[in-house]
Amino acid sequence: MSRRSARPGSAGGPRTATRPLPPRARRIIRLNNGFQLLFNLLWWMPVFYAYQRQAGLSDGQIFGIQSIYYVAFCLFEIPTGLVADRIGARNCLRAGAVVMTAANLAPVLAPTYTGFLVHFLAIAAGRSLTSGAASAYLYDSLRAQGADEHYLKAEGQARAWGLGAKVLCWPLVGPLMDLAHGAPYVLSAVSAGGSLLCALVLPGQAPSPHAAGPRRRTAALHDAAAALRTVRATPWLALVMVQGVAVFTLSRICQVNLFQPVLLDHGIGESSHGAILAAMTVAEAVASARPQWLTSRLRPAAWVTLLSLAMAGTLAGLALGGPWTAIALLCLFAAVCGFVYPLQRKLVNDAIPHGAPRATLLSVESIVDRAVCALAAVAAGAYLAAGHLNALLWHSALLTGVLLAVWHLALRHSARSRAHNHPPVALPAAPARDHTHHPQEAAAPTVAH
């Protein structure tokens, strides 16, 4: 690869944008699309709550398993990066596909509490094995072929294919389940097996120069310590991370854990759950691809706050009205999630200081997200076991409003502390004019770093 093509600013230039893909790079992209589509095609997603209820599990057991799943995901995220460095990203993808195939068969072979617990633990292990390895393999492989400027488009392509497959397949889950009760899990296992075939024929890579060893482990510990120091020294980063945890928990608990209980409570049978989840997926995909529809008059932090309040209001609204109202509100909730995710990602990335371990900080946020979801899942299970679904929705909305108020008080306190510790000083004319070229720095009293 030439020095010109490797220059960071060259990816958007006309020369690199029009350079055709080498055949090997095109093959890598096609196989990555197939792997991502099949690995993440979980046919059982729209009906897993009803399936476990029919198997005799209580709400407490179902949501207890979800809590254990989130905790396990946190724990598995820590060592799998080192595993990928040691055995290679391609082998990590193969291992994840094997684990996912076995995981999807567990509920069919053992439709018991133990079987479902093993299922979700294995799902957490399989997903953590591939979560970073898939992107790392695609990026490194395209870069080795001199086609790294196609990486972003390839990632977006894979996501688009995966969402399209879910929209087409999920409406079929209810009728298929009527024909064969275990069909959603068998089809998920078949899909995971197909992802294993894609991983097996992926082209090999050159050995990584950063093999896992004493140096690599020392570097990982150094990055972890640096990430914690950065969070402690950057109040604004800590605050936007907390806001992100609230957004992730709300979206995850509603769209995954409460989606089926809400529909069942409104008398909507599981045969329709796949079609409704497909409609929600379309709403979220369209919104997540169009964050520019939001006006630029408000800062991203203000938009995230307003959208979080909209999510809370939608949750409260699910306790009112009839079945069609519930379906409309669930689709609205999904669309709001689609808008808020890119804004929240931008907030966190903008808040990370230059030179800080960005990937480690994002992993820390992800681990905290799932740890809070584990606690929320336990609470949701307790509410549902007591038959208080509407109370759960109302209390979640109220708690969100209270937490956002506390967040803004903390933000204001952080800005005041910064102003007290670093009072404004008279600046020479040239540096003062320089703020016109750095609008984010000029806004520091409001978005304190």
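Residues numbered from 1 in each chain as written. Predicted model: local features only at pLDDT ≥ 70, side-chain atom pairs only at ≥ 80, totals over all residues. Heavy atoms only, no water.

1. Observations regarding the pattern of salt bridges
Applicable threshold: Salt bridges are identified by distance alone: a Lys or Arg side-chain nitrogen within 4 Å of an Asp or Glu carboxyl oxygen. Each residue's exposure class comes from its accessible area (1.4 Å probe, protein chains only) as a fraction of the maximum for that residue type: buried when under 20%, exposed when over 50%, partly exposed otherwise.
According to the stated counting rule, one finds one salt bridge in the structure shown. D59 is the partner of R53 in a salt bridge, and the nearest nitrogen-oxygen pair spans 3.4 Å. Its relative accessible area of 41% is what places R53 among the partly exposed residues.

2. With respect to the packing of helix α3 (residues 23-39) against helix α11 (residues 183-200)
What counts here: The angle between two axes is taken between their N-to-C directions and runs from 0 to 180 degrees, where each axis is a line fitted to C-alpha atoms and a helix contributes only its stretch in contact. For helices the rule is a DSSP run of H or I covering at least 4 residues; for strands it is a run of E covering at least 2, with both sets numbered from the N terminus onward. Note on angle classes: values under 35 degrees are labelled roughly parallel, values over 145 roughly antiparallel, values of 65 to 115 roughly perpendicular, and the remainder oblique. In this scheme the crossing of two helices becomes right-handed for a clockwise turn of the near helix relative to the far one and left-handed for an anticlockwise turn of less than a right angle. The contact criterion used throughout is that any non-hydrogen atoms of two residues lie within 4.5 Å. In this classification, the charged set is Asp, Glu, Lys and Arg, the nonpolar set is Ala, Val, Leu, Ile, Met, Phe, Trp, Tyr, Cys and Pro, and all remaining amino acids, among them Gly, are polar.
Contact pair α3 / α11: the axes reach a minimum separation of 8 Å and the direction vectors enclose 160°. Taken together, α3 and α11 sit at an angle that is classed as roughly antiparallel. Handedness of the α3/α11 crossing: left-handed. Contacts from L31, G34, F35, L38 and F39 in α3 reach S191, A192, G194, S195, C198 and A199 in α11. For the contact of α3 with α11, the class distribution of residues is seven nonpolar, four polar and no charged.

3. Some remarks on the side chain of T101
By the element assignment, T101 lies in helix α6 (residues 89-109). Here T101 falls in the buried class, since its relative accessible area comes to 18%. Dropping the residues within four chain positions of it, T101 is found in contact with A189, A192 and G193.

4. Topic: a nonpolar patch on the surface
The cut-off we apply is this: A residue counts toward a patch only above 30% relative accessible area and without a salt bridge, and it is joined to like-charged neighbours within 9 Å or, for Val, Leu, Ile, Met, Phe, Trp and Tyr, to nonpolar neighbours within 5 Å. Only the protein chains shown count as cover for residues, with accessible areas throughout obtained via the Shrake-Rupley method and a probe of 1.4 Å.
Side chains of L105, V108, L109, V186 and V190 sit close together on the surface and give an oily, nonpolar patch of about 430 Å² of accessible area. When residues of the nonpolar patch are traced back to their parent elements, those giving at least two are α6 and α11. When residues in the nonpolar patch are grouped by element, the largest group, three residues, is from α6. Under the relative-accessibility criterion, L105 is labelled partly exposed at 32%.

5. Notes on the nonpolar core
Heads up, the rule is: The criterion is simple. A nonpolar core is a set of buried Ala, Val, Leu, Ile, Met, Phe, Trp, Tyr and Cys residues joined through side-chain atoms within 4.5 Å.
Core analysis: the biggest nonpolar cluster contains 116 residues, and L258 and L318 have the highest contact counts within it. Among the elements that line this core, the one with the most residues is helix α17 (residues 323-351), at 16 residues. When residues no more than four places from it in sequence are discounted, the contact partners of L318 are C254, V262, H266, A326, L329, L330 and L393.

6. With respect to the packing of helix α13 (residues 235-257) against helix α16 (residues 300-317)
Contact geometry for α13 and α16: axes closest at 11 Å, N-to-C directions at 25°. By the angle class used here, α13 and α16 are roughly parallel. Two packed elements cross with a definite hand, and for α13 against α16 that hand is left-handed. Residues W236, Q243, V247, L250, S251 and C254 of α13 form the contact with α16, whose own contacting residues are A301, V304, T305, S308, M311 and L315. Within the contact of α13 with α16, the residues separate by chemical class into eight nonpolar, four polar and no charged.

7. Focus: the confidence of the model for the protein
Interpreting fine coordinate detail is not advised for predicted regions of low pLDDT. Put simply, the test is: A residue's pLDDT is the predictor's confidence in that residue, given on a scale from 0 to 100.
Summarising the model, the protein shows a mean pLDDT of 77, and 77% of its residues fall at 70 or more. The least confident element of the protein is helix α21 (residues 439-442), whose mean pLDDT is 35; the most confident is α11, at 94. Low pLDDT (under 50) marks residues 1-18, which in the prediction has 15 contacts with non-local residues, meaning those over four places away or in another chain. Here residues 208-212 is a poorly scored stretch, pLDDT under 50, and it has seven contacts once near neighbours within four places are set aside; other chains count.

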